[in-house]
Amino acid sequence: MKALILVGGFGTRLRPLTLSKPKPIVEFANKPSVIHQIEALVKVGVDEVVLAVNYQPELMSACMKEWEIKLGVKVTYSKEPEPLGTAGPLALARDHLNDGQPFFVLNSDVICEFPFGDLLAFHRAHGGEGTIMVTKVEEPSKYGVVVANEQGKILQFVEKPKVFVGNKINAGIYIFNPSVLDRIQPRPTSIEKEIFPAMASEGQLYSMVLPGFWMDVGQPRDFLAGTGLYLKSLEHRKSTELASGPGFHGAVLVDKTAKIGQGCSIGPDVVIGPGCVVGDGVRLRQAVLLEGSSVGANSWVHNSIIGWQSVIGKWVRIQNVSVLGQDVTVADELFLNGGSILPHKSLSESVPEPAIIM
């Protein structure tokens, strides 16, 4: 079986992190985010994953080589000559995908428990041309809503409805029969606005409700929220990956090469990456420390992301979705309140209001 992951463009929503790495290989819970998807695909028998890219394919390729060996999967790259939307990449990768079996298509920003086995079984059972996973939301008026009957057959799509028509939205995870490729030309095309309505009008498109959590982690606030949901999912499944012991509160993921000082209070919803150093008396809550970063003694980091190799001084307070790019240095006793700090900067003054520091 094959799968196509829509890796897409420049990752502007996740800057400053994507100034150093393409978004799909920014680590989510200590693994390149796209690897969570590829691992789950391999478990249901996918042997080739096509990454539809139009930005920094050479960086992606360098990261993927070790994972190809580790997971026993072939990763190929379909380079878009221009951005082709969400459907055009399927036509471009036609020769890779058209092997006579259903194939998966994923948005690379999505994180969930990826129940691909259930999706495949449901798709084969209903006999239609395509299946999309949908997720329930509390405020459907913000989204395009998917309206389906009790069997899951999609009746219509309603964009940002003013009156209640349903609470299920497209989760960015699909499975198609190869015949869908005959509907798509290799030009900029929206699968949601052009291909899906046509399939639904012919009774060929079904939906399956995604169990568990779902999040589009393409921007910092949602990246942090998605991290919390993912860690709670690990906790619910009683994963042995989670840290335990004095000083840890709730779901916390710590790489085995990280060093943590005395008297720290860490959690809930914290990820500490490889080679990180956390000083004595540090408080971390709803925070992500990427590889090689360090936090000085008695500092406080809440709801923020610390970029690779960044160095936080002592008695520093960082909060309010602050995001530090790679190799940022923050002097002692500073306050960062919603700062977005570009890579390789040294801060010697506080950032009391949300701001981009260039």
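These remarks concern the structure in this document. Keep in mind that what you see is a predicted model, and the values were worked out from it rather than measured.

1. Here's the deal with the sheet that holds strand β20 (residues 294–295)
Strand pairing in a sheet takes place through backbone hydrogen bonds and is either antiparallel or parallel in direction. With parallel pairing, six strands are arranged side by side in an open sheet as β15-β18-β20-β22-β25-β28. Among the strands making up the open sheet, the edge pair consists of β15 (259–260) and β28 (346–347).

2. Describing the packing of aromatic side chains
Under the counting rule described, the total for this entry stands at nine aromatic pairs. Plain terms: the ring middles of phenylalanine 28 and phenylalanine 223 are 5.4 Å apart, the flat faces sit at 80° to each other, and that makes the pair edge-to-face. In this pair, phenylalanine 28 sits in strand β2 (residues 27–28) while phenylalanine 223 sits in helix α7 (residues 220–236), placing the two residues 195 residues apart along the sequence. When sorted by exposure, phenylalanine 28 lands in the same class as phenylalanine 223, which is buried.

3. Here's the deal with the environment of alanine 297
Mapped onto the secondary structure, alanine 297 falls in the loop between β20 and β21 (300–306). Taking the relative accessible area as the measure of exposure, alanine 297 reaches 19% and is therefore buried. Measuring from C-alpha to C-alpha, the distance between alanine 297 and glycine 263 comes to 9.9 Å, with 34 residues separating the pair along the chain. Not counting the four nearest positions on each side in its chain, alanine 297 is found in contact with Gly279, Asp280, Val282, Lys314 and Trp315.

4. Considerations on the nonpolar core
Inside soluble globular proteins, nonpolar side chains tend to come together where they are buried. If you look at the biggest cluster of nonpolar residues, it comprises 62 residues, and the most contacted ones within it are Leu51 and Phe104. Apart from residues lying up to four places away in sequence, phenylalanine 104 is in contact with Met1, Lys2, Ala3, Leu4, Leu41, Val44, Val46, Phe116, Leu119, Leu120, Tyr174 and Ile175.

What counts, and where the lines are drawn
Residues numbered from 1 in each chain as written. Predicted model: local features only at pLDDT ≥ 70, side-chain atom pairs only at ≥ 80, totals over all residues. Heavy atoms only, no water. Pairing = 2+ DSSP bridges. Helix = DSSP H or I, 4+ residues; strand = E, 2+ residues; numbered from the N terminus. Phe/Tyr/Trp six-rings, centres within 6.5 Å; stacked < 30°, edge-to-face > 60°. Buried < 20%, exposed > 50% of the residue type's maximum accessible area, 1.4 Å probe, protein only. Contact = heavy atoms within 4.5 Å. Core = buried A, V, L, I, M, F, W, Y, C linked by side-chain atoms within 4.5 Å.

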